Structures are given as C-alpha cells and as structure tokens.
Amino acid sequence: MESYEVILALLLGAFVCLFGYKLKKIVFFVAWFLIGYTLTKYAMPYINNSAPFIAESTLWQIILPLAGGLLMSLLGFSIEKLCVGLLCFFATVAVAISQFGISGEVIGIACILGVILGAVAVNMMKPATIVVTAVAGALVVTRAIYTLSAGIPMEYHTFIVIGIAAIGALFQFNNAKHSN
C-alpha cells in the first residue's frame, strides 16, 4: 500500500469510528459496496472462464466488480435491519480473526458469536450501529497506525483497537444523545 492510501485509510477509519451513526447511510453504502465489489472480484475468474468475451475485455473487468458493489449497496439499503445484523456478524468474525488468527475453531466460535451479536444488534439498532462502526473504524485506524509505524509491538494491537473503539463509541453515544 502506498503511504497516501494508508493515510486515507487512517482518516476514513477515524471518520467511521467517530461519526458512523450520524452518517450510517453513507457508511453502510460504502461497507456493502466494498463487500459486493470484493465478492465480485473473487468471482471474476469463474465468470471469465464461462464467458471468454468478458475475459478479453478490460472494460468488463472494471464494470462487473463495480456493478457487484453497487448491487450489494442497493440491496443493503432495502434491508437495513438485516444489514446491521450482517455487518455486526462480519465485524465479529473480522475482530476474532485479527486477534486470534485463522483457524477452524476461531472461525466457528466467531460465527456463533456473530450470529448472537447480530440478532442483538437488530433489536438494538442505534447502540449496535454505534458500536459496530466504532469497532470497524478502530480496526482500520489500528491497521493504518501499524503500517505507518513499524516501532509499535504487536502485543499492543488489541489494546489499541479497544482503546480507539471505546473513544469512538463514547464520542458517538455522546453526540447521539445530544442530537435526539
């Protein structure tokens, strides 16, 4: 990653961490766009094999992932509660993998915990949205910090994520309380 990309990720992560609830439509649009884009990129080799004319066209290689991202974003807007549950699920799995590594046990436990937390999130939309956006933003900020500064020991990773997420959640809860 180029340094300007890391700085952009740092700024966007901080933005999501601090203002995720206030601008949840934008945050959810971007999150679902990235998920749809990524899934379509993973599917491109299969699409290219089944339709050679797509594989030969650079335009199709660009358009299809963008269309997949846009489609996923539009779907996300139409089923917002499900999206909050799924984003909570994916955030739980991402945090578990980033903290404990990829193994069958970690993924299994994270998926079970993610389903439970996703169900709770659907019943508690506002606090769940605040917590999920604070944690997601904190993960991005922490990754950017570690990319920019090689001197921070990995033992502090969890504490940095928790600290940044706590600051973001407190900031969002405080601002959400004043705006309602």
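Overview of the structure. Each chain carries its own residue numbering, running from 1 in the direction its sequence is written. Where totals are concerned, whole chains, interfaces and linings use all residues; where local detail is concerned, this predicted model gives features only for residues with pLDDT of at least 70, and gives and counts side-chain atom pairs only at 80 or more. For side-chain calculations, the full set of non-hydrogen atoms in the structure is used, while hydrogens and water are omitted.

1. Focus: the overall build of the protein
Phase 1 of the analysis: Here a strand is any run of E in DSSP of at least two residues, a helix any run of H or I of at least four, and the numbering for each starts at the N terminus. Secondary structure assignment for the protein yields 8 helices and 0 strands.
Phase 2 of the analysis: The order of α-helices and β-strands along the protein, N terminus first, is α-α-α-α-α-α-α-α.
Phase 3 of the analysis: Throughout, the radius of gyration refers to the C-alpha atoms, and the reference size of a globule is 2.2 Å times the residue count to the power 0.38. Expected size for 180 residues packed as a compact globule is a radius of gyration near 16 Å; at 18 Å, the protein falls within 12% of this value.
Phase 4 of the analysis: The dimensions of the protein, computed from C-alpha atoms along their principal axes, are 55 × 40 × 35 Å.
Phase 5 of the analysis: Burial classes follow relative accessibility: with a 1.4 Å probe on protein chains only, a residue under 20% of its type's maximum area counts as buried, one over 50% as exposed, and anything between as partly exposed. Taking all 180 residues of the protein together, the buried fraction comes to 33%.
Phase 6 of the analysis: Contact criterion: two residues are considered in contact whenever any of their non-hydrogen atoms come within 4.5 Å of each other. Taking contacts inside the protein between residues at least 6 apart in sequence as the whole, the part at least 24 apart equals 72%.
Phase 7 of the analysis: Computed with a 1.4 Å probe, the accessible areas rest on the Shrake-Rupley method; for each residue, only the protein chains presented here act as cover. Carbon and sulfur atoms make up 75% of the accessible area of the protein, which totals about 10800 Å².
Phase 8 of the analysis: By the counting rule applied here, Lys and Arg register as positive and Asp and Glu as negative, while His and the ends of each chain are not counted. Working definition for charges: the position is that of NZ of Lys, CZ of Arg, CG of Asp or CD of Glu. A gap of 21 Å separates the mean positions of the 8 positive and 6 negative side-chain charges of the protein.

2. Some remarks on helix α4 (residues 58-78)
Phase 1 of the analysis: Any helix carries an expected span of 1.5 Å times its number of residues minus one. Over its 21 residues, α4 runs 31 Å from end to end, which matches the ideal 30 Å to within 8%, given 1.5 Å per residue.
Phase 2 of the analysis: All of the buried residues along α4 are Leu64, Pro65, Gly68, Gly69, Met72, Ser73 and Gly76. Buried residues of α4 fall within an arc of 165° about the axis and therefore sit on the same side. Among the exposed residues of α4, those oriented more than 90 degrees off its buried face are Leu59, Leu71 and Ser78. For this quantity, the arc is that covered by the directions from the helix axis to the C-beta atoms.

3. Looking at empty space enclosed by the protein
Taking a probe equal in size to a water molecule and rolling it over the atoms shows the remaining empty space.
Phase 1 of the analysis: Detection works on a 1 Å grid of protein atoms alone, calling trapped sets that fit a 1.4 Å probe cavities and calling open sets with protein on both sides within 12 Å along at least five of seven lines pockets, with lining residues defined by an atom within 4 Å of a point. Grid points are joined across faces, edges and corners, and a volume is the space filled by probe spheres set on the points. Per the stated rule, a full pass over the model turns up 1 cavity of 30 Å³ or more.
Phase 2 of the analysis: Estimates place the volume of the largest cavity at around 40 Å³.
Phase 3 of the analysis: When contributions to the lining of the largest cavity are tallied by element, the ones reaching two or more residues are α2 (24-50) and α4.
Phase 4 of the analysis: Any residue that is not Ala, Val, Leu, Ile, Met, Phe, Trp, Tyr, Cys, Pro, Asp, Glu, Lys or Arg is counted as polar, Gly included; the first ten are nonpolar and the last four charged. Of the residues assigned to the lining of the largest cavity, the class counts are 2 nonpolar, 1 polar and 2 charged.

4. What to know about the packing of aromatic side chains
Phase 1 of the analysis: Here is the rule: rings of Phe, Tyr and Trp (six-membered ring for Trp) pair when centre to centre is within 6.5 Å. Planes less than 30 degrees apart are stacked, more than 60 are edge-to-face, and the remainder are tilted. As enumerated under the stated definition, the model contains 5 aromatic pairs in all.
Phase 2 of the analysis: With a centroid separation of 5.7 Å and an interplanar angle of 45°, the aromatic rings of Phe15 and Phe19 are classed as tilted. Separated by 4 residues within a single helix, Phe15 and Phe19 lie in helix α1 (residues 3-19), roughly one turn from each other.
Phase 3 of the analysis: Put simply, the rings of Phe15, Phe19 and Phe171 pair up and form one aromatic cluster.

5. Observations regarding the environment of Gly118
Phase 1 of the analysis: With respect to the helices and strands, the residue Gly118 is situated in helix α6 (residues 104-123).
Phase 2 of the analysis: Separated by 15 residues in the primary sequence, Gly118 and Ser103 have C-alpha atoms spaced 21 Å apart.
Phase 3 of the analysis: Look past the residues within four positions of Gly118 in its chain and what remains in contact with it is Gly85 and Cys88.

6. Some points on the environment of Tyr4
Phase 1 of the analysis: By the element assignment, Tyr4 lies in helix α1.
Phase 2 of the analysis: When the C-alpha atoms of Tyr4 and Ser103 are compared, they prove to be 33 Å apart, with 99 residues separating the residues in sequence.

7. What about a nonpolar patch on the surface?
Phase 1 of the analysis: Taken together, the side chains of Phe53, Leu59, Trp60, Ile62, Ile63 and Leu66 define a hydrophobic patch exposed on the protein surface, amounting to about 590 Å² of accessible area.
Phase 2 of the analysis: Looking at the nonpolar patch element by element, the count peaks at 5 residues for α4.
Phase 3 of the analysis: With respect to the secondary-structure elements, Ile62 resides in helix α4. What goes into a patch is any residue over 30% in relative accessible area without a salt bridge, connected to like charges within 9 Å or, for nonpolar side chains (Val, Leu, Ile, Met, Phe, Trp, Tyr), within 5 Å. Salt bridge, as applied in this entry: a Lys or Arg side-chain nitrogen positioned within 4 Å of an Asp or Glu carboxyl oxygen.

8. Comments concerning the layout of surface pockets
Phase 1 of the analysis: As a volume, the largest pocket reaches approximately 1500 Å³.
Phase 2 of the analysis: Together, 36 residues line the largest pocket, and Leu34, Ala94, Ala136, Leu139 and Val140 are the ones closest to its centre.
Phase 3 of the analysis: Listing elements by their share of the lining of the largest pocket, those giving two or more residues are α1, α2, α5 (80-100) and α7 (125-148).
Phase 4 of the analysis: The residue makeup of the lining of the largest pocket, split by class, is 27 nonpolar, 7 polar and 2 charged.
Phase 5 of the analysis: For the second largest pocket, the calculated volume is near 390 Å³.
Phase 6 of the analysis: Contributing to the lining of the second largest pocket are 20 residues, with Cys88, Ala91, Thr92, Leu113 and Leu117 lying nearest its centre.
Phase 7 of the analysis: Elements with a contribution of two residues or more to the lining of the second largest pocket: α5, α6 and α7.

9. Some words on the packing of α5 against α7
Phase 1 of the analysis: As a rule, the C-alpha atoms of each element are fitted with a line to give its axis, helices using only the stretch in contact, and angles between N-to-C directions run from 0 to 180 degrees. Relative to each other, α5 and α7 sit at 35°, their axes nearing to 10 Å. Judged by the twist between their axes, the crossing of α5 over α7 is left-handed. Residues Glu80, Lys81, Val84, Leu87, Cys88, Ala91, Val95 and Ser98 of α5 lie in contact with α7, whose contacting residues are Met125, Ala128, Thr129, Val132, Val135 and Leu139.
Phase 2 of the analysis: Across the contact of α5 with α7, the residue classes break down as 10 nonpolar, 2 polar and 2 charged. Handedness of a crossing follows from how the near helix is turned relative to the far one, being left-handed for an anticlockwise turn of less than a right angle and right-handed for a clockwise one.

These values are about where atoms sit, not about what they do.
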